[in-house]
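Listed below, chain by chain, are the residues.
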Amino acid sequence: MHIRVVLRTLGAFAVILGCCMLAPMVVGLIYGELDSALSFALSAGIAVVLGAVLILPLRSAPKEIAQRDGIALVAFAWVLACLLGALPFYLSGAMTSWTDAVFECASGFTTTGASILTDVETVDHAILFWRALTHWLGGMGIIVLSITILPLLGIGGMQLYRAEVPGPSADKLTPRIAQTAKALWGVYALLTVLEAGLLMLGGMNLFEAICHAFATMATGGFSTRNGSIGDYGPFIQYVVSVFMVLAGINFALHYLMLKGKFRRVLRDTELRVYLAIFALAVIFIWAGLWLTTTISVAQSFRLAVFQVPTILSTTGFSTADFGTWPSFLQVFLLFLMFVGGSAGSTAGGMKVARFILLTKHAYQELFQLLHPRAVNPVKFGRRAVPRETMRGVWNFFFLYVALFVVSTVLLGIMLEPHLQGETSAAMTTISAAVASIGNIGPGLGLVGPGQNYAWMPSAAKWLLIALMLLGRLEIYTILILLVPATWRRYV
């Protein structure tokens, strides 16, 4: 691995991140929040100085970024973003604990949306804008990651996304990546502006509209209101629902749609399954609420249409505390947390593409038992899926489940003193783990929509920070750094 290349690029990343902090600084000045504005100016200065310290001595380092360099760069860049991005939270006094500041920032950049703030409406506008901006930057970051690094790692499902858009060469990041990223940035920004405009038509002011549009398109979930989207009317709830569904779709398909390639979009297998899951889940939740509670038919429908995409797309907004719903609906939502959105979207979770492949491969194995000599390859759309891709899918599935089990046990041990006597202790622990790995945010029990993560001990918060990063970076990108061979070849 070319360490000098990685460090120099991280320096450039730190400078860019510092420049991004100037936007909330301006927001702070506009609203007369001088202390917050000063904290962002100071944080930006620290980031830029750090970047300069890394860049200047390494100007002669090679300019090309090889595969191993890119893998390390992605992992370290996300960690660096969480640490530098936490500075304004801590320096402004919005969070008195460094652990809480890093937790909030990691939750923002990974688009998780889990928060330690108990009353967001008393927080300065500059801080709220930075929370939303970390969502937006992290959301596009995972899309670019999907077309650059993840296909090279053989993570099943990501190769399928790579086939939809121009991608990198086998071992180098080429200019085609910049062209693709630019096109996807354009789609991302266009949808964000469109949603912000519709939210303003629904009654939000400019600041609220921008923050919620950032959070929606990034499938983040940070809101400027304590009651989240539940504090707004039906029009805004439906608008946010539509854009949450859109944010969970492969952004390559949005790009193709804008180019007029409608047939190719409609033939996409993952899109069809994603929309089918959404429709069936809405019907199930709607019927469940209508038949087992006193909620009206219209209200049940609106709750279902909102809560299904907020969980399926891993956004994490809420219009009601679904922790008070019948237990079978809570369990159903918990299962949806594992699914997530489409590959190449800003959503978290395992991704719909992987579940499609797992289901088809399981059927193929059953078919093969009945017809041992038959040739019946697993197909995704019209393409036969290579064995390497299926191996990647199963490996990822195993690692995801193993990470969930281990983290749930560890979290249970850490939270035991705080959950004694709580009837929702098990559900709290399980949902906190899956909500962090899947980058969803709110879970069930004491981490439900009406609660937050402030009550947890520091050790549990650091564990959840690690889970957010592992989930956002598809596990492999972090774990591969622990393999000695990753570091062995180059000095």
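Counting restarts for each chain, with residues numbered from 1 along the sequence as it is written. A pLDDT threshold of at least 70 governs which residues receive local features in this predicted model, and a stricter bar of 80 or more applies before side-chain atom pairs are shown or counted, although totals over entire chains, interfaces and linings include all residues. Heavy atoms from the whole structure form the basis of all side-chain values; hydrogens and water molecules are not counted.

1. Things to note about the overall build of the protein
- Segments assigned H or I by DSSP are reported as helices when at least four residues long, segments assigned E as strands when at least two residues long, and all are numbered from the N terminus. If you tally the helices and strands in the protein, you get 21 helices and two strands.
- When a residue's accessible area, from a 1.4 Å probe over protein chains only, is under 20% of the maximum for its type it is buried; when over 50% it is exposed; and in between it is partly exposed. Within the span of the protein, comprising 491 residues, buried residues form 55% of the whole.
- The contact criterion used throughout is that any non-hydrogen atoms of two residues lie within 4.5 Å. When contacts within the protein are restricted to residue pairs at least 6 apart in sequence, those whose partners lie at least 24 apart make up 71%.
- For every accessible area listed, the method is Shrake-Rupley and the probe measures 1.4 Å; residues are considered covered only by the protein chains on display. Carbon and sulfur atoms make up 68% of the accessible area of the protein, which totals about 20,200 Å².

2. Considering the pattern of salt bridges
- By convention in these notes, a salt bridge is any Lys or Arg side-chain nitrogen within 4 Å of a carboxyl oxygen on Asp or Glu. With the rule as written, the count across this model stands at five salt bridges.
- Across the pair arginine 131 and glutamate 104 runs a salt bridge, and its minimum N-O distance is 3.0 Å. Of the two residues, arginine 131 sits in helix α6 (residues 125-148) while glutamate 104 sits in helix α5 (residues 98-109), which places them 27 residues apart along the sequence. There is no split in this pair, since arginine 131 and glutamate 104 are both buried.
- A salt bridge links arginine 225 to glutamate 208, with the nearest nitrogen and oxygen atoms 3.0 Å apart. You can see arginine 225 sitting in the loop between α9 (206-217) and α10 (234-247) and its partner glutamate 208 sitting in helix α9, a full 17 residues away along the chain.
- In this structure, a network of salt bridges that share partners links the residues Lys351, Arg354 and Glu474.

3. Focus on the side chain of threonine 269
- Note that threonine 269 resides in helix α13 (residues 269-292).
- Excluding residues within four positions of it along the chain, threonine 269 makes contact with Ile356, Phe380 and Gly381.

4. Things to note about the state of the cysteines
- When the sulfur atoms of two cysteines come within 2.5 Å, that pair is taken as a disulfide. Counted by the stated rule, this structure contains zero disulfides.
- Unpaired in this structure, cysteine 20 has its nearest cysteine sulfur neighbour in cysteine 19, at a distance of 7.1 Å.
- Residue cysteine 105 stays outside any disulfide, its sulfur separated by 5.5 Å from that of cysteine 82, the closest cysteine.

5. Looking at the environment of leucine 253
- Topologically, leucine 253 is positioned in helix α11 (residues 251-258).
- By relative accessible area, leucine 253 is classed as buried at 3%.
- When sequence neighbours within four positions are dropped, the list of residues in contact with leucine 253 reads Val265, Asp268 and Leu271.

6. Focus on a nonpolar patch on the surface
- Residues forming no salt bridge and having over 30% relative accessible area are the ones grouped into patches, like charges within 9 Å of each other and nonpolar side chains (Val, Leu, Ile, Met, Phe, Trp, Tyr) within 5 Å. On the surface, a cluster of nonpolar side chains totalling about 670 Å² of accessible area is made up of Leu42, Ile46, Val79, Leu83, Tyr90, Leu91, Trp98 and Trp462.
- Elements that contribute at least two residues to the nonpolar patch include exactly α3 (34-55) and α4 (67-91).
- Here the element with the most residues in the nonpolar patch is α4; it accounts for four residues.
- Looking at the secondary structure, you find leucine 91 in helix α4.

7. Re helix α14 (residues 297-312)
- To estimate how far a helix should reach, multiply one less than its number of residues by 1.5 Å. In this model, α14 (16 residues) spans 22 Å end to end at C-alpha, consistent with the 22 Å of a helix rising 1.5 Å per residue.
- With 12 of 16 residues buried, α14 lies mostly within the body of the structure.
- Within α14, burial applies to Ser300, Arg302, Leu303, Ala304, Val305, Phe306, Gln307, Val308, Pro309, Thr310, Ile311 and Leu312.

8. As for the environment of valine 79
- Counting through the fold element by element, valine 79 comes out in helix α4.
- Distance in space between the C-alpha atoms of valine 79 and alanine 106 is 8.2 Å, their sequence separation being 27 residues.

9. Remarks on the packing of helix α1 (residues 3-20) against α3
- In this analysis, axes come from line fits to C-alpha atoms, helices being fitted only over the stretch in contact, and the angle between any two N-to-C directions falls in the range 0 to 180 degrees. Remark: α1 packs on α3, axes separated minimally by 7 Å, with the N-to-C direction vectors making an angle of 160 degrees. Relative to α3, the element α1 is oriented roughly antiparallel. For the element pair α1 and α3, the recorded crossing hand is left-handed. Where α1 abuts α3, its residues Leu7, Arg8, Leu10, Gly11, Ala12, Ala14, Val15 and Gly18 lie against Ala44, Ala47, Val48, Gly51, Ala52, Leu54 and Ile55.
- Note on residue classes: Ala, Val, Leu, Ile, Met, Phe, Trp, Tyr, Cys and Pro are nonpolar, Asp, Glu, Lys and Arg are charged, and everything else, Gly too, is polar. Looking at the contact of α1 with α3 residue by residue, the class counts come to 11 nonpolar, three polar and one charged. Convention used here: angles under 35 degrees read as roughly parallel, angles over 145 as roughly antiparallel, angles from 65 to 115 as roughly perpendicular, and any remaining angle as oblique. By definition, any crossing whose near helix is turned counterclockwise from its far helix by less than a right angle is left-handed, and any crossing with a clockwise turn is right-handed.

10. A few points about the packing of aromatic side chains
- Aromatic contacts are taken between Phe, Tyr and Trp rings whose centres are within 6.5 Å, Trp giving its six-membered ring; a plane angle under 30 degrees counts as stacked, one over 60 as edge-to-face, and the others as tilted. Throughout the structure, instances matching the rule amount to 20 aromatic pairs.
- An aromatic cluster is defined as three or more aromatic residues linked by ring pairs; in this entry it consists of Phe129, Trp136, Trp185, Tyr188, Phe214 and Phe251.
- Seen from the ring of phenylalanine 222, arginine 131 lies directly overhead, with NZ or CZ sitting 3.9 Å from the centre.
- Taking NZ or CZ as reference, arginine 354 lies 3.7 Å from the ring centre of phenylalanine 396, over its face. Criterion for a charge above a ring: Lys NZ or Arg CZ within 6 Å of the ring centre, and within 35 degrees of the ring normal.

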